[in-house]
Every structure is written in structure tokens, then in C-alpha cells.
Amino acid sequence: MSERAVLHVKGRILVGPEEVREELWVVGGRISYDRPVGARDIRTVAGWALPGLVDAHCHVGLGPHGPVTEDVAEKQALADREAGTLLVRDAGSPSDTRWIDDREDLPKIIRAGRHIARPRRYIRGYAHEIEPADLAAYVAQEARRGDGWVKLVGDWIDREVGDLAPLWPRDALESAIAEAHRLGARVTAHCFSADSLPDLVGAGIDCVEHATGLTEELIPLFAEHGVAIVPTLVNIATFPQLAAGGESKFPQWSAHIRRLHERRYDTVRSAYDAGIPVYVGTDAGGTLPHGLVAAEVAELVTAGIPPVEALAATTWKARAWLGRPGLEEGAAADLVVYASDPRADVRVLADPQRVVLNGRVAA
């Protein structure tokens, strides 16, 4: 498609879960609902169109042992794009991926800076490893480097305890999260177990990743404070394998994460029923491959979230939460076209017919 070409998308344009239009036009990379006057070079795409999908927990530039080369990061971003993921909240990466912002053929990224953890309390090579007295300063640093988000490691295995345990005291969290908010950034945290959650919510956390430790007592606290969760169920599916690998050395930890895995669907459904905002995230990067967004949406449906709500968690609601437009007049034309209605069957997301990024048909 030439630079001057106009793209005509027709069929069913899902501007919202109930707002459906019959066509849109892409002119100069932007969406218009008015037919352009005098347009001659027109390419037509037909089907069911959604806003570009959102992966709200992804790691572009991260591999099993830390940062990866630019060519590997490019392949990760392309795998996400081919799956229809056109907006990524990068939930912690040691790599500088700002060069992606200059590539109109790669998904847009909202960065949370680098993970912040305690020494020897997270995966080697991933995080800044600091003590609590330095937490506020590092949060401020990553708030300035990121795109409105900061990522903490809220809990991890404590080898002396032999189980998951919180990383940060309440006073350090309060100071750090207040500093992030002063700088206009939101804060999220990796958390598997329940023990770290009361202090994080009390300190003003905005979001919790994984959130497998949510209990009947903690769910009302999250709902009251409006704390969102990104369950990453495709990642939680790996817990039995992790438990088996660590059982001989850390049997208490292994038993714990098995329990978290067993009740994962009940946890997510209970959170949703209580009004806690739930968003789609895959935890791609590190050890998981990219391009798993359709599988994560299907997992949310398996957990009991209604299909349209699971779809909204990667489209309309996710984009609003992250402050990015959907299929609005004048917005960048980032959309995915499917052969049938994804509201009726979210499995359609696994087979995008066309991916349009910045107005160009990419796949």
C-alpha cells in the first residue's frame, strides 16, 4: 500500500462492545469515519475489526538470563504484532527499547522501567537489587525513565524461610509509592502470595501482577482501593513444573505454589465478581514466548469471566486504563480484523486475518 493509499475497512467495526459501525477509513495513518473526498488509490479490507490488542504484562527485550540483543527484541515485538498485540505495557525490562518507538512497524510500548528488588530476591540479571532505604530513590529513577509506570518485586522465595515472603517493609513502600505518584507514575508489583498484599494496598499500589495470593479477606480490600490485577494465567500454568523442579530443596515453597495454581481460576473469578479491574497480560519474555494474547483471553473465559468482558480486558477497557485511544476519530489506525465476531467466540483472536498498525497492513 503506497503512502497516499486509503484503507477502507468495512463489515463490523467494534468501536465498543455494543457500538458497532459498518466502515472506517484510514487516511494518512489515522482513522476517519467520513469517506475521504477524491480518494482513488483505495484498498479494502472486510471483516470484524477490533482495536489493536493490549498485552498489559509483557517483557520486550528480556530473555531467560536478562537483557537480549536488539535483533532478539525485534523478533519478540514482531511475534506480538503478528498475534494482533499492538500495545504493550512492558512490565519491567533491563533493556533500553526506546529504539522501537522509531519503528512504525512494531507495537507501541508503555514502559515500567526496570524491575526493583532486594539483593538475591529475584531472577538474576533482571532487576535493580537494592535495600529498602534506597527504594524511593530507585522508584523515582525508574518513574523518570519509564512511561508512567514503575515495577516492584513484591514477593519472592526467601531461601532462609523456604517459601514466598515479602521483600519490602510498609514504611519503605509508602515513601516509594508516594514518590512515584508525585512524579505522575503508577506502581505495580509482582506478587504470588498473600503476605505482601496488605502492605502494598495500604501503601497505595495501583496494580498487582499475577495476584494468585488473593483471598476472600483481601479481595474486598482490593475492590475498595480500586487496585487492578493482571493475572497472567498462561504463566501461572507453569507452576506445577516449577514446583516439581524445586520440591527437593524447597518443599514448602513447592506445596505453596501448587495450591496457588489449583485455585487460580477461582481467584480470578472471585476478583472479577467483586468488581476488581482485570486486564490481559501474558508475561511473555523471560521464559515464555511472545504472541500469547489470544491464549490469555481464553484463559480468562475459562476462569469464568464473560467472553465480552475478557475481550474488553485486552481492547476497549485495557486501552482506556492505559490512557491510549481505540478506534476513535483521528486516532492512529491500530486495529485487527477477524473473519467472525470475537464477542461470540474469543478463540477467533488466535487467527487474525489482517493486522493494521499505524495505518499500514502489517500481516
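Residues numbered from 1 in each chain as written. Predicted model: local features only at pLDDT ≥ 70, side-chain atom pairs only at ≥ 80, totals over all residues. Heavy atoms only, no water.

Would you take a moment to explain a positive patch on the surface for this structure?
Together, Arg-120, Arg-124, Arg-159 and Lys-249 line one region of the surface with positive charge. Its location among the elements puts Arg-124 in the loop between strand 10 (116-117) and strand 11 (128-129). Residue classification places Arg-124 among the exposed positions, given a relative accessible area of 76%. (Patch = residues over 30% accessible without salt bridge, like charges linked within 9 Å, V, L, I, M, F, W, Y side chains within 5 Å. Areas by Shrake-Rupley, 256 points an atom, 1.4 Å probe, with all protein chains shown as cover. Salt bridge = Lys/Arg side-chain N within 4 Å of Asp/Glu carboxyl O. Lys, Arg positive; Asp, Glu negative; His and termini not counted. Charge placed at Lys NZ, Arg CZ, Asp CG, Glu CD. Helix = DSSP H or I, 4+ residues; strand = E, 2+ residues; numbered from the N terminus. Buried < 20%, exposed > 50% of the residue type's maximum accessible area, 1.4 Å probe, protein only.)

It is not clear to me how unusual backbone geometry should be interpreted in this structure. Could you clarify?
Working note: non-glycine residues mostly have negative phi, and peptide bonds are mostly trans. If you check the backbone angles, His-210 has positive phi at about 75° while not being a glycine. Looking at where His-210 falls in the secondary structure, it is placed in strand 16 (residues 207-210). For His-210, a relative accessible area of 4% corresponds to the buried category. In this model, Asn-358 sits at a positive phi of 55°, which is unusual for a non-glycine residue. With respect to the element layout, Asn-358 can be found in the loop between strand 19 (354-357) and strand 20 (360-361). For Asn-358, a relative accessible area of 17% puts it in the buried group.

Would you take a moment to explain the environment of Gly-52 for this structure?
Within the secondary structure, Gly-52 sits in the loop between strand 4 (42-51) and strand 5 (53-58). The exposure class assigned to Gly-52 is buried, which follows from its relative accessible area of 0%. Separated by 275 residues in sequence, Gly-52 and Leu-327 place their C-alpha atoms 8.8 Å apart. Apart from residues lying up to four places away in sequence, Gly-52 is in contact with Gly-84, Leu-86, Thr-314, Arg-319, Asp-334, Leu-335 and Val-336. (Contact = heavy atoms within 4.5 Å.)

In this structure, what is going on with the packing of helix 2 (residues 135-145) against helix 3 (residues 170-182)? I would like to understand it.
A pair of packed helices is captured by two measures, namely the crossing angle of their axes and the spacing between those axes. Look at helix 2 against helix 3: their axes get within 8 Å of each other, and the N-to-C directions meet at 25°. The angle between helix 2 and helix 3 places the two elements in the roughly parallel class. Here the hand of the crossing between helix 2 and helix 3 comes out right-handed. In this structure, helix 2 uses Leu-135, Ala-136, Val-139, Ala-140 and Arg-144 to contact helix 3, whose residues at the interface are Ala-172, Leu-173, Ser-175, Ala-176, Glu-179, Ala-180 and Arg-182. (Axes fitted to C-alpha atoms, helices over the stretch in contact; angles between N-to-C directions. Parallel < 35°, antiparallel > 145°, perpendicular 65-115°, else oblique. Left-handed = near helix turned anticlockwise from the far one by under 90°.)

When you look at the layout of surface pockets in this model, what are you seeing that I'm missing?
Rolled over the atoms, a probe sized like a water molecule indicates the empty space that remains. Its volume calculated, the largest pocket comes out at about 920 Å³. Elements with a contribution of two residues or more to the lining of the largest pocket: strand 13 (155-158), helix 7 (239-246) and helix 8 (251-262). The biggest single contributor to the lining of the largest pocket is helix 7, with 3 residues. For the second largest pocket, the calculated volume is near 330 Å³. Looking at the second largest pocket, it is lined by 18 residues, and the ones nearest its centre are Lys-108, Arg-324, Ala-332, Asp-334 and Asn-358. For the lining of the second largest pocket, the class distribution of residues is 7 nonpolar, 3 polar and 8 charged. (1 Å grid on protein atoms, 1.4 Å probe; cavity = no way out; pocket = protein on both sides within 12 Å on 5 of 7 lines; lining within 4 Å. Points joined across faces, edges and corners; volume = space filled by probe spheres on them. Nonpolar A, V, L, I, M, F, W, Y, C, P; charged D, E, K, R; others polar.)

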